[in-house]
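Here are the chains, one letter per residue:
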Amino acid sequence: MNSSRTTLQIVLAHTVTYFNIMNLFLAGLILLSGQYRNMLFMGIVVSNSLIGIIQELKVKKLIDALSVITATKARLVIGNEIQEIPIDELKINDVIRLMSGDQIVADCTVLFSEGMEVNESLLTGESVSIHKNPGDILYSGSHIVAGGGTGQILHTDEDNYATKLVRKAKTKKRATSEMQDSIKKIIQYVSYAIIPIGVTLFFIQRFRAGETISDSLVNTVAGVLGMIPEGLVLLTSVSFILGVGRLARKKALVQEMEAIEALARVNVLCLDKTGTITTGDLTVDKVFPLQSATEEIYSVMDGLAFAFSETNATGKALQEYFHDSSPLSVTDTVPFSSHRKFMGVSFSGKGSYVLGAPDFLTKDNEVLKKTEEYSRQGLRVLLLASCQSLSDSPETLKTINPMGLIILSDCIKKDASDTFRFFARQGVAVKIVSGDNAATVSSVGVRAGIPGAEHYIDTTTLENNVSKLREEVKKYTVFGRVSPEMKQSIIEAYQADGNIVGMVGDGVNDVLALKDSDCGIAMANGADAAKQTAHIVLMDSDFSSMKNIVKEGRTVIANIERVSALYLTKTIYSILLCVLFIIIGKAYPFTPIQLSLIGGTAIGLPSFFLALEQHEEITTSGFLRHVLRISLPGALTLVGGLAAIQIMAAWFQFSDMLISTLNLLMGGAVSLFIVAFVCYPMTRRRFVLCTGIILLFVGAILLLPSFFGILPIRSLLPF
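Residues numbered from 1 in each chain as written. Predicted model: local features only at pLDDT ≥ 70, side-chain atom pairs only at ≥ 80, totals over all residues. Heavy atoms only, no water.

Caption draft 1: Layout of the pairing of strand E2 (residues 81-86). Both strand E1 (residues 73-78) and E2 contribute to a ladder of 6 bridges, which runs antiparallel. Each bridged residue has a counterpart across the sheet, and for Ala74 the counterpart in E2 is Ile85. Remark: 2 residues form the turn of the hairpin made by E1 and E2, two consecutive strands paired antiparallel; Gly79 in that turn has positive phi of roughly 65°. (Pairing = 2+ DSSP bridges. Helix = DSSP H or I, 4+ residues; strand = E, 2+ residues; numbered from the N terminus.)

Caption draft 2: Spotlight on the packing of helix H22 (residues 623-652) against helix H23 (residues 656-678). Two elements in contact, H22 and H23, have axes whose closest approach is 10 Å; the angle formed by their N-to-C orientations is 160°. Compared by their axis directions, H22 and H23 come out roughly antiparallel. Crossing geometry of H22 relative to H23 is assigned as right-handed. Packed against H22, whose contacting residues are Ile630, Gly634, Thr637, Leu638, Gly641, Leu642, Ile645, Gln646 and Ala649, the element H23 presents Ile659, Leu662, Asn663, Met666, Gly667, Val670, Ile674, Phe677 and Val678 at the interface. Grouping the amino acids of the contact of H22 with H23 by side-chain chemistry returns 12 nonpolar, 6 polar and no charged. (Axes fitted to C-alpha atoms, helices over the stretch in contact; angles between N-to-C directions. Parallel < 35°, antiparallel > 145°, perpendicular 65-115°, else oblique. Left-handed = near helix turned anticlockwise from the far one by under 90°. Contact = heavy atoms within 4.5 Å. Nonpolar A, V, L, I, M, F, W, Y, C, P; charged D, E, K, R; others polar.)

Caption draft 3: Representation of the sheet that holds strand E11 (residues 330-334). Read from one edge to the other, the open sheet built from 6 strands follows the order E10-E15-E14-E13-E12-E11, with strand pairing classed as antiparallel. Each edge of the open sheet carries a strand with a single partner, namely strand E10 (278-289) and E11. Strand-to-strand, the axes of this sheet are offset by a mean angle of 20°, without reference to chain direction. The pairing of strand E14 (residues 380-387) with strand E15 (residues 401-412) spans 7 bridges and is classified as antiparallel. Counted as the bridge partner of Ser386 is Asn401 from E15. Contacting E10, strand E12 (342-347), strand E13 (351-356), E14 and E15, helix H11 (residues 313-321) runs over the sheet at an angle of about 55° to E10. Lying on the sheet, helix H13 (residues 365-376) is in contact with E10, E14 and E15; it crosses E15 at an angle near 5°.

Caption draft 4: Looking closely at unusual backbone geometry. Across the junction of Tyr680 and Pro681, the peptide omega takes the value 0°, indicating a cis bond. In this structure, Pro681 sits in the loop between H23 and helix H24 (684-703). If you check the backbone angles, Thr399 has positive phi at about 55° while not being a glycine. Locating Thr399 in the fold gives a position in the loop between E14 and E15. A positive phi is found at Arg481, a non-glycine position, where the angle reads about 55°. A relative accessible area of 30% means that Arg481 is categorised as partly exposed. (Buried < 20%, exposed > 50% of the residue type's maximum accessible area, 1.4 Å probe, protein only.)

Caption draft 5: Broad picture of the sheet that holds strand E20 (residues 519-523). Ordered by their spatial adjacency, 8 strands build an open sheet running E8-E21-E20-E19-E9-E16-E18-E17, and the pairing between neighbours is mixed. With one partner strand each, in any of the chains shown, strand E8 (252-254) and strand E17 (456-458) form the two edges of the open sheet. Strand-to-strand twist in this sheet, taken as the mean axis angle between neighbours without regard to direction, amounts to 20°. Packed on one face of the sheet, helix H9 (residues 258-265) meets E8, E20 and strand E21 (536-538) and runs near 100° to E20. In the packing of helix H15 (residues 438-448) onto the sheet, the strands contacted are strand E16 (429-433), E17 and strand E18 (478-480), and the crossing angle to E17 comes to about 155°.

Caption draft 6: Fine view of H22. The end-to-end C-alpha distance of H22, which contains 30 residues, comes to 44 Å, matching closely the 44 Å that a straight helix rising 1.5 Å per residue would cover. After H22 finishes, the residue Gln653 shows a positive phi value of roughly 60°. (Expected span 1.5 Å × (residues − 1).)

Caption draft 7: Seen up close, the pattern of salt bridges. Counted according to the given criterion, the structure contains 15 salt bridges. With its nearest N and O atoms 2.8 Å apart, the salt bridge here joins Glu261 to Arg265. Linking Glu261 with Arg265, this pair stays in helix H9, spanning 4 residues, or about one helical turn. With respect to burial, Glu261 and Arg265 carry one shared label: buried. Where Lys370 meets Glu373, a salt bridge forms, and the shortest distance between an N and an O atom there is 3.6 Å. Of this pair, Lys370 and Glu373 both sit in helix H13, separated by 3 residues, roughly a single helical turn. Here the salt bridges share partners, and the residues they tie into one network are Arg470, Glu471, Lys474 and Asp497. (Salt bridge = Lys/Arg side-chain N within 4 Å of Asp/Glu carboxyl O.)

Caption draft 8: Broad picture of the packing of aromatic side chains. If you walk through the whole model with that rule in mind, you get 13 aromatic pairs. Where Phe420 meets Phe543, the ring centres are 5.6 Å apart and the plane angle is 45°; that geometry is what we call tilted. Of this pair, Phe420 sits in helix H14 (residues 416-425) while Phe543 sits in the loop between E21 and helix H20 (546-584); the two residues are 123 residues apart in sequence, bridging distant segments of the chain. With a relative accessible area of 1%, Phe543 lands in the buried category. Geometrically, the ring pair formed by Phe423 and Phe543 is tilted, given 6.2 Å between the ring centres and 35° between the ring planes. In this pair, Phe423 sits in helix H14 while Phe543 sits in the loop between E21 and H20, placing the two residues 120 residues apart along the sequence. Of the two residues, Phe423 and Phe543, neither departs from the other in class, the shared state being buried. The rings of Phe420, Phe422, Phe423 and Phe543 are connected pair by pair, giving a single aromatic cluster. Taking the ring centre of Phe207 as reference, the NZ or CZ of Arg206 above it sits at 5.8 Å. (Phe/Tyr/Trp six-rings, centres within 6.5 Å; stacked < 30°, edge-to-face > 60°. Lys NZ or Arg CZ within 6 Å of the ring centre and 35° of its normal.)

Here it is as structure tokens:
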């Protein structure tokens, strides 16, 4: 069942709103007045609705398309024949043939295994392959990495384990946006006040101020429209869209605009080890001789490393470190498997050798003690030993003689340390949540330079309860053996303490955590379900590009906060002026055309240029507090100045034209001063902007005084 909203529901949610209905009503009043040029505000209303509809439809498409199974066909076993069929035709109890490299398309029970090994990392997060025997369960979404066999279908379609995980993600949480939430609240509260203020203002204009019905309607609409920061909604959306475009050029696909802000405000970033800290590859760090000479170890390893045509990450690391300079004649081999934990080779005229897990090949306390020492450092250890002859089982190997230890480690990404230093400077706490061994992951985190990575825990020892986890997660930086459900709970535990939490993942096991995080980030080379659940996808699968996303987010937020002060100043002084002139029973101090001049020079043009600036500023929560710090004093100053003008006008018996002139000059002066304050610290670009809008405002009132309903400025001068 699809839990996302239908297209009709989305369209109605963005069109049939209190805000839109109010604007339509105001547009109707303008129609009655006959002054049609004042209906331009409806363009902004339509634009806002369209942007909202398009964005949510895009998200709906992503959610509805969630899928973890990328294979399209399966090999159905019918008697002695194998027939390829579409996976949607599979039925329970069907038998399918599985081969190395296949993706498992449905939950199965293993019937027959030929050394079958499965990688379930996309489901569990554990990078070690698992040997499967008859009777074992194969989960959909995992891959066969070695061997093959047959499996009997247990579940199909929605009943598969991987599909259940994905289905839970269809209640995907939208990226959080403090700015948009604050703006929506402002609009909501202002909307409640519009009707009583608007009705009262109209009657005051008509019956106490003596305006005509037409002018009363237009002035009332002007006062009411000034209360709603509708332009700010559009500007916020456009700023996010511009940020999305800039990030696209930096190989980051933003699937929800709000994610830019969410990631910029994140103070806890959870991530997996593989793909973010490590490359997924291994490297040989050193060779530690035990009883044999180093030269002899290298001679054997040079042959053993190249004795197998099929290789895994360990084999690739061995081949990169050792050299096949003097090829040896191979007479017999035993390939590596996670079940036997070793591989072996016999060379003509040289003998037989095995390479594998020390605890499977020897009981020598000194060797095992040395192995444990390296393991505590998060390193992987292989034992090279000679033997009398090869065998498939370590129990039947004879005369095992340890020669040396091969020490390997996960390859840390070159730019990982620099990236983590960046987040540390920004006050972002990095947490590792991995399905691998906690001690190993901790060591990798320490080598990568993650602060506090030495504090780790195996989450199998924890109770999966958010209220109890709230205290536990404060103690650790590294969480090992983490299940998909536990990842989700860890995210919720951090959020419960008031943190803004980001999650970086690439597997199906990360889907639940990605969908519940404030901002989910996936790698392009990860599972489809992870990419479709995430808010941001790193197209180059490069974790270091997160720095650019954070910087871009902070640029967008800082720009919008700066511009928001201009819009909210207008909202606050519009409300206060409506109330003030209702009380004193005078005509509203501005005409629509005067408000257009003030709005165009002190809000429209500055907001357009300031929203396009490129810079990086530290961003903290408290959007509304930051904005009111500028807009509230500015609005009070303007209202106070206009109130003073009304008092002076009554005292000195100013003409209506003079009062209108002084009102416009006061409104323009205060509004332009607020722009200059917002532009601090002043740069060359901002100085040019401030100078330009001042000249535009002054030029307009000097050249077109009658058009704006004011006296020629020259007539006010004493000379």
